[in-house]
Amino acid sequence: MLNAQDNELMCRVGPGTPMGEVLRRFWQPVLISEDLPHPDCDPKEVRLLGEDFVAFRDSDGEIGFLEALCPHRRAPLFYGRNEEHGLRCIYHGWKFDAAGACVDMPSEPAQYEFSKKVRPIGFPTREWGGIIWAYIGPQDRVPELPELEYCRVPAEYRNLVKYNQECNFVQATEGDIDSSHIGFLHTRLDQKTAPASKEMLWRVNDQAPRWIIQPTDYGIMLAAQRNAEEDTYYWRINQWLMPYYTMIAMDLEQKRGHGHIWVPVDDEHTDVWCVIWSPVEPLTQAERDGILGGPNPHISSLDPSTGKLRATKSNHFLQDRHVQRTQTFTGILGVREQDTAVVEGMGAIADRTKEHLGTSDSAIIAMRRYLVNSAKAFVEGREPQEPYDGGLYRVRAWSYELSRNIDFMESDKVRELMGTMVV
Amino acid sequence: MLNAQDNELMCRVGPGTPMGEVLRRFWQPVLISEDLPHPDCDPKEVRLLGEDFVAFRDSDGEIGFLEALCPHRRAPLFYGRNEEHGLRCIYHGWKFDAAGACVDMPSEPAQYEFSKKVRPIGFPTREWGGIIWAYIGPQDRVPELPELEYCRVPAEYRNLVKYNQECNFVQATEGDIDSSHIGFLHTRLDQKTAPASKEMLWRVNDQAPRWIIQPTDYGIMLAAQRNAEEDTYYWRINQWLMPYYTMIAMDLEQKRGHGHIWVPVDDEHTDVWCVIWSPVEPLTQAERDGILGGPNPHISSLDPSTGKLRATKSNHFLQDRHVQRTQTFTGILGVREQDTAVVEGMGAIADRTKEHLGTSDSAIIAMRRYLVNSAKAFVEGREPQEPYDGGLYRVRAWSYELSRNIDFMESDKVRELMGTMVV
Amino acid sequence: MLNAQDNELMCRVGPGTPMGEVLRRFWQPVLISEDLPHPDCDPKEVRLLGEDFVAFRDSDGEIGFLEALCPHRRAPLFYGRNEEHGLRCIYHGWKFDAAGACVDMPSEPAQYEFSKKVRPIGFPTREWGGIIWAYIGPQDRVPELPELEYCRVPAEYRNLVKYNQECNFVQATEGDIDSSHIGFLHTRLDQKTAPASKEMLWRVNDQAPRWIIQPTDYGIMLAAQRNAEEDTYYWRINQWLMPYYTMIAMDLEQKRGHGHIWVPVDDEHTDVWCVIWSPVEPLTQAERDGILGGPNPHISSLDPSTGKLRATKSNHFLQDRHVQRTQTFTGILGVREQDTAVVEGMGAIADRTKEHLGTSDSAIIAMRRYLVNSAKAFVEGREPQEPYDGGLYRVRAWSYELSRNIDFMESDKVRELMGTMVV
């Protein structure tokens, strides 16, 4: 549990809130590159940390990320004309370049040079790893981009998809570092008798793993120890990276990575990014197709026209009770729908004063402490330092079968493995 | 009228409010038995007095009525698996029995016995008279069930149906003890020229009845005197029973009873229960069918999938102005739709400071005084006593034609009749 | 820009607010005559200045404009029966005449004469110029009706249509006195190369007009000077008349007038009236048809069943990006849809602290000053005087081509023209 005051401190992300200010000191993934597919394409609306923006790609392919409303009389620039090197407001024709400077103001007599009196309304942007990034924090503290593995592989090695979830970003994130739910929420009823893999069998057989929670410079390393064979343990190392990145343990062969980004849209909405990548090879078409379709999709009900799930709280996430009785633990189709059902069901912002946390929740407790401490440090006037080093994000989440004799945190073998985490 | 402060006191029902605490000292009808049709069936969500719950029927047929969210990390138990003798949360597999005790906690190492540290999340329940009852008040003051006649007759003698109304429970209830509206809201235009019965003719001919309002141990007896034949009066006795039961006068032969229960869902929503029963014989299939269908249905637009009416404030309750001009007083189909139109039209909580109450509103004034006094008594530390005796609810609402010479409150004849009210 | 305090003062219109009280001292256009087409027709709901009303036409054709809820127990009179000379509540049959007096109270014994104790719930009304007017201000200060030209011409010389817009009335009005947006928001891309008229060419060629803003007894005269031919200026005179009337410059031949009325429904909604009229001849059927249809409609998406536009903020006003690239400046069909997109896009009440106003905004600045000063005068106890004289509204908005040698504000020629403004 968390007291009500710390819960508020941790969850509120609007301008001027402590957590909002901490978050603003990081680069924000705001769009997938394909959302702005070509120069002079249609602009996009973006809501981020309780503020509204418009994003566009100019004639050179540069990304503009501007305040949503024209500084003149607050007409929405989203309706604007994406013209030669700038977005022109439909109301009075003011035109803004990708940096947000007003470069044409036809409604005003030229001799007054009024356009020079209007400060630029743009923010720094980057395009990297298939992602459009924006930075809306203090302009004298622009950090490095996080050098996540999935941003550094070739485009054909990764897949990005995102959707909007109706709850606070912290409880959304918690669902991903909560490793013990894997043995329940996402399981099939025949998993114990007909496990799909050796790993799955180990996970089903040992539903109460032992945890090592290790704070790091980038966030927290979460190591779960499960019984594997008689003389071995099955180790799964997940990662949580400030302020809202998660990576789930790769397969034993370290060929496929899975990660999420939990970008706060506002206090009560989160853009959930789902990333799948390989460090070694292109993804197959079947893998890509299986993300939004097939018998066990990652997301089963994405509505591309709204960016939301068709399965919602009000339709009970299309839960099929017959399927729940006979095939899957939940009767809800889609890994993300399963997670969304439980985290949205907590309410827009979970009331953490009423929880009863067990040993399986130590990762969640550690992440909350990290976030609350960051916000408190900010209130006390201290700026976060570490996340500015993009290289810290070169870490990997892995799984491994190790002899039971090895002391995970002390052994040379693990030190060696820990070394490989930075890739 | 009522001052704003007393109106708030009377209408607010959430945890910690005086009226909410008074209401919590009674058993609450929460579901019709058929809503949980068989052991291990699908659970149901229930919202009651501003709080959320989940109800389920276990493998023995016992009813569990639990807090809506798992005490672990607040996932909704509604999605849970109704397994062998317990409801299992889909998030981490915690399982709760019908009493709300956590009987399995597979995500935690067994040796910690963490499950014993989690207090039960269930409430007392009963199943009686076709109704599932729950009690969410102080556990040392559980009252007797109210021994309402319709609960004591065989199942085939009664019919229960309910729907959700979008206003406070008090104004919903007022509509049922407001006997003078019967001659208007629910009438046909040809009633005067072609009355359906002798009683109907009396009601149409005497639209301003004289009232005797008698506070009782269980609530209020409301006696309306109308002119009948030259030497007789037509008496209709309605009943209001704490905290939200109403019974409308039976026919002259005392063969059919009609009642409502107005259960507060929260400050601005009410579950309206409609009960029809006979003390002497099974209801006919035609009677049952006429409740939701036919030319003059009790409810015309119930949507079983939502439990709400299809006729709403925003579609003007499907009022047909041509029918209003030519056939019925309102042009609105359905007795409940007619009542709902006026009580929802007052706003979510009626502003009683702007009313002008007449003599015909004495029953409403008396009920408000009863409710407000109950809440004030609670504030002053006094607990309600009477309603704990279930036998007080063995009262009946009746109608009778009596000689004009009889003094209703004093005569032996009426004392004898009053005796028959307790059945 | 405007500070936050003045912005609140200017925009809030509910009972008891300073601006709300100023507005209540004027007649309010509430319905088009055809909305109540004949005696004893169906009543209409009206929301005005944050309050709810019901309007009906009685058996003599008189208009009743009453409080929305019955003074008895607050049932909505809208559902009422429009009977012989009065509207009868469906709940208990109380009947009110066009003045709002309770003329029948069948639910109460006649001898108590309770109906005389209920004060009338009606307000003064007028029907004039095709418009139903109501006055809800202090009854000892009823002003004259505004003698607008379009109210004084024969019915076949004018066309009235209205719709409901989801923003405050001030920003809605601003859009109409903001003459510089005409060269952008409502233009076709081929206007410069193939202008539809001489005036259109002048407007496209000179997008930064010079302004003369002249406060008057009735509001503000807004004169825009544009270059026309080598030795002439093109003058367009628009009018803003207290508290929410606008008139756009007539064509050069002064044959067609265009005006709007921006009636505050509540703080965040405005009823927009669109008026087209001729001072000299009947409108053609083609003109009338072109208002809601055809290739360049004034309103393209009116839903008569709701009085709202089908093009909304949430569907991006049905903007067609291809049309925007190839044909029109906005890709939004309908002059009103274009204006609505920008003014609703500012938010329900525009945040005027973040604007950057230029010389082209002097009319808007003047109108705000007029409104804010009116509200401040009211706070200081001064009543508005001028608007009570209906003759002040006999002004016209005109356009003219004048020699560049004429000093607009000083010349006899203009004095003469100004004389013609009062028609």
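My aim in this report is to walk through the structure given alongside it, one point at a time. (Residues numbered from 1 in each chain as written. Chains lettered and ligands numbered in written order. Predicted model: local features only at pLDDT ≥ 70, side-chain atom pairs only at ≥ 80, totals over all residues. Heavy atoms only, no water.)

**What to know about the overall build of chain A**
Then step 1. Broken down by element type, chain A carries 10 helices and 20 strands.
Then step 2. At 23 Å, chain A has a C-alpha radius of gyration in line with the 22 Å of a compact globule built from 423 residues.
Then step 3. For chain A, the C-alpha atoms occupy an extent of roughly 85 × 50 × 45 Å along the three principal directions.
Then step 4. Within chain A, the fraction of its 423 residues that count as buried is 60%.
Then step 5. Of all intrachain contacts in chain A linking residues separated by at least 6 positions in sequence, the fraction that spans at least 24 positions is 61%.
Then step 6. In the structure as shown, chain A presents an accessible area of about 16200 Å², 50% of it carried by carbon and sulfur atoms.
Then step 7. Computing the positive centroid from 46 side-chain charges and the negative centroid from 63, chain A places the two 2 Å apart. (Helix = DSSP H or I, 4+ residues; strand = E, 2+ residues; numbered from the N terminus. Rg over C-alpha atoms; globule rule 2.2 N^0.38 Å. Buried < 20%, exposed > 50% of the residue type's maximum accessible area, 1.4 Å probe, protein only. Contact = heavy atoms within 4.5 Å. Areas by Shrake-Rupley, 256 points an atom, 1.4 Å probe, with all protein chains shown as cover. Lys, Arg positive; Asp, Glu negative; His and termini not counted. Charge placed at Lys NZ, Arg CZ, Asp CG, Glu CD.)

**Considering the relation of the copies chain B and chain A**
Then step 1. Mapping chain B onto chain A calls for a screw motion: a turn of 120° about the axis and a shift of 0.1 Å along it, with 0.0 Å RMSD after fitting. The transformation relating the two chain copies, once decomposed into turn and shift, fits a three-fold axis. Of the C-alpha atoms belonging to chain B, the one lying closest to the rotation axis is found on S314 of chain B, 12 Å away. (Least-squares fit on C-alpha atoms with pLDDT ≥ 70 in both.)

**Thoughts on the pattern of salt bridges**
In a structure, side chains of opposite charge can pair up when their charged atoms sit close to one another.
Then step 1. Enumeration over the complete set of coordinates arrives at 91 salt bridges over all chains.
Then step 2. Across the pair D339 of chain A and R336 of chain A runs a salt bridge, and its minimum N-O distance is 3.1 Å. Taken together, the residues span about one helical turn, with D339 of chain A and R336 of chain A both in helix 8 (residues 335–345) at a distance of three residues. The residues D339 of chain A and R336 of chain A share a single accessibility class, namely buried.
Then step 3. Salt-bridge contacts for E174 of chain C lead to R368 of chain C; the nearest nitrogen and oxygen are separated by 2.7 Å. With E174 of chain C in helix 4 (residues 169–177) and R368 of chain C in helix 9 (residues 362–379), this pair connects stretches of sequence that are 194 residues apart.
Then step 4. In this structure E174 of chain C comes out as buried when scored by relative accessible area, which is 1%. (Salt bridge = Lys/Arg side-chain N within 4 Å of Asp/Glu carboxyl O.)

**Structural notes on the interface of chain B and chain A**
Then step 1. Each side of the interface is counted separately: chain B has 30 residues, and chain A has 37 residues.
Then step 2. Buried area between chain B and chain A, summed over both chains or domains, comes out near 2800 Å², and the portion from carbon and sulfur atoms is 54%.
Then step 3. The three residues of chain B that bury the most area against chain A are R73, Y79 and Y91 of chain B, which together make up 27% of that side's buried surface.
Then step 4. Remark: the boundary between chain B and chain A carries four salt bridges.
Then step 5. Across the salt bridge formed by D178 of chain A and R73 of chain B, the nearest N and O atoms sit 2.8 Å from each other.
Then step 6. The tally of links from chain B across to chain A stands at 18 residue pairs in polar contact (both at pLDDT 80 or more).
Then step 7. Residues that form the side of chain B that touches chain A fall into these classes: 17 nonpolar, five polar and eight charged. (Buried area = accessible area lost by both parts, 1.4 Å probe. Polar contact = N/O pair within 3.5 Å; in protein donor to acceptor, adjacent residues only side chain to side chain. Nonpolar A, V, L, I, M, F, W, Y, C, P; charged D, E, K, R; others polar.)

**Regarding the pairing of strand 13 (residues 219–227) of chain C**
Residue and element names in this part refer to chain C.
Then step 1. Burial analysis of strand 13 places eight of its nine residues in the buried class, the great majority of the element.
Then step 2. Taking the residues between adjacent antiparallel strands as the criterion, strand 12 (residues 210–215) and strand 13 are bridged by three residues.
Then step 3. Pairing of strand 13 with strand 14 (residues 232–241), which is carried by nine bridges, proceeds in the antiparallel orientation. Within strand 14, the position partnered with M221 by the bridge is Q239.
Then step 4. Adjacent in sequence and paired antiparallel, strand 13 and strand 14 are bridged by four residues. (Pairing = 2+ DSSP bridges.)

**Quick look at the side chain of Q28 of chain B**
Residues and elements named next belong to chain B.
Then step 1. Tracing the backbone shows Q28 in strand 1 (residues 28–32).
Then step 2. Judged by relative accessible area, Q28 falls into the buried class, the value being 0%.
Then step 3. Setting aside its immediate chain neighbours within four residues, Q28 contacts L23, L48, L49, I132, W133, A134, Y244 and V263.

**With respect to the sheet that holds strand 1 (residues 28–32) of chain C**
All names here are of chain C.
Then step 1. Strand order in the open sheet formed by three strands is 1-10-9, with antiparallel pairing between adjacent strands. Sheet topology places strand 1 and strand 9 (125–128) at the edges, where each strand pairs with a single neighbour. For this sheet the average axis-to-axis angle between neighbouring strands, irrespective of direction, equals 30°.
Then step 2. Both strand 1 and strand 10 (residues 131–134) contribute to a ladder of four bridges, which runs antiparallel. Residue pairing for strand 10: Q28 is matched across the bridge by A134. (Axes fitted to C-alpha atoms, helices over the stretch in contact; angles between N-to-C directions.)

**Brief notes about helix 8 (residues 335–345) of chain C**
Then step 1. For helix 8 of chain C, a buried count of 10 out of 11 residues is recorded, marking the element as mostly surrounded by other parts of the structure.
Then step 2. Next to the buried residues of helix 8 of chain C lie strand 11 (158–165), helix 4, strand 16 (257–266), strand 17 (269–277), strand 18 (302–303) and strand 19 (308–309) of chain C.

**What about the packing of aromatic side chains?**
Then step 1. Under the definition given, this model contains 39 aromatic pairs over all chains.
Then step 2. Ring centres of F53 of chain A and F65 of chain A lie 4.7 Å apart, and the angle between their planes is 20°; on these two criteria the pair is classed as stacked. Of this pair, F53 of chain A sits in strand 3 (residues 51–57) while F65 of chain A sits in strand 4 (residues 63–67), and the two are 12 residues apart along the sequence.
Then step 3. The exposure class assigned to F65 of chain A is buried, which follows from its relative accessible area of 0%.
Then step 4. Members of the aromatic cluster, joined through ring pairs, are F53, F65 and F123 of chain A.
Then step 5. Between the NZ or CZ atom of R81 of chain B and the centre of the ring of F329 of chain A, over which it lies, the distance is 5.0 Å.
Then step 6. Note that R321 of chain B overlies the ring of F78 of chain C, its terminal NZ or CZ placed 4.8 Å from the centroid. (Phe/Tyr/Trp six-rings, centres within 6.5 Å; stacked < 30°, edge-to-face > 60°. Lys NZ or Arg CZ within 6 Å of the ring centre and 35° of its normal.)

**Points about the side chain of S33 of chain B**
Then step 1. The topology assignment puts S33 of chain B in the loop between strand 1 and strand 2 (44–48).
Then step 2. Not counting the four nearest positions on each side in its chain, S33 of chain B is found in contact with R57, E127, G130, I131 and I132 of chain B.

**As for the sheet that holds strand 3 of chain A**
Residues and elements named next belong to chain A.
Then step 1. One open sheet holds the three strands; their spatial order is 2-3-4, and the pairing between them is antiparallel. Of all the strands in the sheet, the pair left with one neighbour each is strand 2 (44–48) and strand 4. Along the sheet, successive strands turn relative to each other by an average axial angle of 30°, direction set aside.

**Digging into the interface of chain C and chain A**
Then step 1. Listed per partner, the contact involves 37 residues of chain C and 30 residues of chain A.
Then step 2. For the pairing of chain C and chain A, the buried interface totals around 2800 Å² over both sides, and the portion due to carbon and sulfur atoms is 54%.
Then step 3. Here chain C is connected to chain A by four salt bridges.
Then step 4. Between R73 of chain A and E174 of chain C there is a salt bridge whose closest N-O contact spans 3.2 Å.
Then step 5. Counting across the chain C and chain A interface gives 18 residue pairs in polar contact (both at pLDDT 80 or more).

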